[in-house]
Amino acid sequence: MRVENVNTMIMKYKIFLWVFLLSAFTACEDDENVFGIMPETGFRFEPKAGGAMLFYTLPGERDIYGIKVNYTNAQGEEVTKKGSYGGDSLLCDGFNENRTNVPVKISYLDRFRNESEALETTFDTEDSAPYVFLTGVHVESSWNGFQVLYEAPEEVTGMVHVFYLGTNLFTQQEDTLLLESFTINRGGDTLTYDLKSGGEKNTIVLRVDDFKGYRVGEKVFSDVLAYQVERLVVPKENWDFSGVPVVTREDEKVGVDYLFDGDRKGEQRLSVSVGMYYDSECFTFLAGPNALNKPFIVDLGGEKIPAFIRIYAMQNLDRMFPGGVTSVGLANVWWGHYGSKLPCEVTLYASNDKEVWEKVGHYSQNENATEASRWYYQETLITSQQELAAADSVYFDVKVRASEKTYRYLKMEVNKTFYNYEEWIGNYNAKEYVTMHELEIYVKKD
């Protein structure tokens, strides 16, 4: 047989084999691409905040590899969600107020993404977190500002933008000025805002978006009063420290007097000269051991409307607090770590007879918060009195909800201090000491 004839036969055989395989593949593809199974069982919808959850179980047929859902959301957009054997649920979201009988199409998909005949059904939804916020939020008067109080479901989405009506510094025209944007908190929250440039009456605007950036709505609150406050000068004799283990050491300048001496930033601490004793003279207040949850009680000198108490810390000074391994002085109390003795949770009570106490205020920050996020943290190290004078004071307020209710006595308890741990020392404040650099009381201005 001639070589060219053999080559021709081989070529014809390859062509025949290729055509045969292609035809078989196409036939197989056609068989598996087309199926008429309609999804009538194996799924259910459960209403959720802002939508519904589809729970599904795919049938065991070898042709079915996934499920597809089509519906129209609150913005009129066509939405497609797909699931596979790797899961058992799909969230059908995109709604605000609760709805009933939202039309939806459910179909199966094969391995080539071909779609079965669709089943048309409906699902119900619950109010979304942004919608719940808008329908239930209210704004109340507060000290030098206002409060935002709201509730939210356990499943939350959405952003709130808080504005007030004021003067734009760039245009000198009246404008809505942004104070803060925050995500809605699960279960709700109470937020307090100070208006340093606001008036006695203010207009507050709350705008709410979902997480996809769609505007859900807006609410305007007009003529919100900002109650004016003043600092109440209370004699030291009006304070009752009998239930508090106060530390008094004149050689290290620690005692009650330094809590009310007007030194809010640490001027005295910074002024001590470098030498043998400079780092032991603290010019501050210290209580302990076991000073947590002990009562600081003050007589306001008459029935007043309390606004808040203000607790100060020293600035970040170029005078490290003493620390050591001996029992001499307070070195092994401070351990060179001032922040671990500062309060991170405080509760305030009020009374008119010192018999029945009403909880009126609370402040809390996570005891394990990172150093940079703690209320007392200051990045810049202060090395001179000039730098200290230019720096802002460091403090937090334990605020009382604004009202016209008067009280004669206040009781403050420090519940927690910040937690700091080092392997060779352990807990820096295992014996529960508490320090505050200055303490002030503010009441409603007459």
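Residues numbered from 1 in each chain as written. Predicted model: local features only at pLDDT ≥ 70, side-chain atom pairs only at ≥ 80, totals over all residues. Heavy atoms only, no water.

## What about the overall build of the chain?
- Per the secondary structure count, the chain includes five helices and 27 strands.
- Across the 446 residues in the chain, those meeting the buried criterion constitute 45%.
- Put simply, of all contacts in the chain between residues at least 6 apart along the chain, 72% involve residues at least 24 apart.
- Carbon and sulfur atoms provide 49% of the accessible area of the chain, an area that totals close to 23700 Å². (Helix = DSSP H or I, 4+ residues; strand = E, 2+ residues; numbered from the N terminus. Buried < 20%, exposed > 50% of the residue type's maximum accessible area, 1.4 Å probe, protein only. Contact = heavy atoms within 4.5 Å. Areas by Shrake-Rupley, 256 points an atom, 1.4 Å probe, with all protein chains shown as cover.)

## Details of the sheet that holds strand β9 (residues 145–150)
- Within the open sheet, the seven strands sit side by side as β11-β10-β13-β14-β8-β9-β12. Their pairing is mixed. Both edges of this open sheet fall to β11 (174–183) and β12 (189–194), since each of them pairs with a single strand only. With strand direction ignored, the average angle separating the axes of adjacent strands in the sheet is 25°.
- With six bridges joining them, β9 and β12 adopt antiparallel strand pairing. Across the sheet, residue Gln147 finds its bridge partner in β12, namely Thr192.
- In the packing of helix α2 (residues 129–136) onto the sheet, the strands contacted are β8 (138–143), β9, β10 (159–167), β11, β13 (201–209) and β14 (215–227), and the crossing angle to β14 comes to about 35°. (Pairing = 2+ DSSP bridges. Axes fitted to C-alpha atoms, helices over the stretch in contact; angles between N-to-C directions.)

## Some thoughts on the packing of aromatic side chains
- This model, assessed by the stated rule, comprises 25 aromatic pairs.
- Aromatic side chains Phe241 and Phe296 sit 5.9 Å apart centroid to centroid with 85° between the ring planes, which places their arrangement in the edge-to-face category. Remark: Phe296 occurs in strand β18 (residues 295–304) and Phe241 occurs in the loop between β16 (239–240) and α3 (267–271); sequence separation between them is 55 residues.
- Ring geometry for Phe308 against Tyr442: centres 4.7 Å apart, planes inclined by 25°, an arrangement best described as stacked. Taken together, the residues Phe308 in strand β19 (residues 306–313) and Tyr442 in strand β27 (residues 438–444) connect sequence positions 134 residues apart. We note that Phe308, like Tyr442, is buried.
- An aromatic cluster of at least three residues, connected via ring pairs, comprises Phe43, Phe45, Tyr71, Phe95 and Phe123. (Phe/Tyr/Trp six-rings, centres within 6.5 Å; stacked < 30°, edge-to-face > 60°.)

## Section: the pattern of salt bridges
- Following the criterion strictly, the structure yields 25 salt bridges and no others.
- Where Glu404 meets Lys444, a salt bridge forms, and the shortest distance between an N and an O atom there is 2.6 Å. Highlighted residues: Glu404 in the loop between β22 (394–399) and β23 (407–417) and Lys444 in strand β27, separated in sequence by 40 residues.
- In this structure Lys444 comes out as partly exposed when scored by relative accessible area, which is 21%.
- The network of salt bridges with common partners includes Arg44, Glu46, Lys48 and Glu155. (Salt bridge = Lys/Arg side-chain N within 4 Å of Asp/Glu carboxyl O.)

## Points about the side chain of Ser351
- Take Ser351: it is sitting in strand β20 (residues 343–351).
- Here Ser351 falls in the buried class, since its relative accessible area comes to 2%.
- For Ser351, the side chain forms a polar contact with the main-chain oxygen of Val356, separated by 2.8 Å.
- Beyond its immediate sequence surroundings of up to four residues, Ser351 is in contact with Val356, Trp357, Tyr407, Arg408 and Tyr409. (Polar contact = N/O pair within 3.5 Å; in protein donor to acceptor, adjacent residues only side chain to side chain.)

## Some remarks on the confidence of the model for the chain
- Residues with a pLDDT of 70 or more make up 89% of the chain, whose mean pLDDT is 88.
- Low pLDDT, under 50, characterises residues 19–34; the predicted model gives this stretch eight contacts beyond four residues in sequence or across chains. (pLDDT = per-residue confidence, 0-100.)

## So, the environment of Asp63
- Note that Asp63 resides in the loop between β2 (51–56) and β3 (66–72).
- Asp63 gets classed as buried once you look at its relative accessible area, which sits at 18%.
- Taking the C-alpha atoms as reference, Asp63 lies 9.3 Å from Tyr108; in sequence the two are 45 residues apart.

## Digging into unusual backbone geometry
- Residue Pro289 is bonded to the preceding Gly288 through a cis peptide linkage, with omega at 0°.
- In this fold, Pro289 is placed in the loop between β17 (285–287) and β18.
- Despite not being glycine, Asn101 has its phi angle at roughly 55°, a positive value.
- On the basis of relative accessibility, which here comes to 52%, the residue Asn101 falls in the exposed class.

## Observations concerning the sheet that holds β27
- The strand order across the open sheet formed by four strands is β15-β27-β19-β22, and the pairing between neighbours is antiparallel. The open sheet has two free edges, formed respectively by β15 (229–232) and β22, since each of these has just one partner strand. Taken pair by pair, the neighbouring strands of this sheet meet at an average axis angle of 30°, ignoring direction.
- Alignment of β19 against β27, held across six bridges, turns out to be antiparallel. What sits directly across from Arg310, in β27, is Glu440.

## Some points on α2
- Within α2, the full set of buried residues consists of Ala129, Pro130, Phe133 and Leu134. Relative to the axis of α2, the buried residues are bounded by an arc of 135° and lie together on one face.
- In this structure, the buried residues of α2 make contact with β9, β10, β11, β13 and β14. (Arc of directions from axis to C-beta.)

## Examining the nonpolar core
- Trp375, Met412 and Ile441 are the most contacted members of the largest nonpolar core, which has 56 residues in total.
- Not counting residues up to four positions away in its chain, the partners in contact with Trp375 are Ile311, Tyr312, Ala313, Leu342, Pro343, Tyr363, Gln365, Val394, Tyr395, Phe396 and Phe418.
- Core analysis: the next-biggest nonpolar cluster, separate from the first, contains 24 residues, Phe133, Val139, Leu195 and Val224 among them. (Core = buried A, V, L, I, M, F, W, Y, C linked by side-chain atoms within 4.5 Å.)

## Observations regarding the pairing of β9
- Across the six residues that make up β9, a large majority, six, are buried.
- The pairing of β8 with β9 spans five bridges and is classified as antiparallel. Residue pairing across strands places Ser142 opposite Gly145, the latter belonging to β9.
- In sequence, β8 turns back onto β9 through a hairpin of one residue, with Asn144 there showing a positive phi of about 60°.

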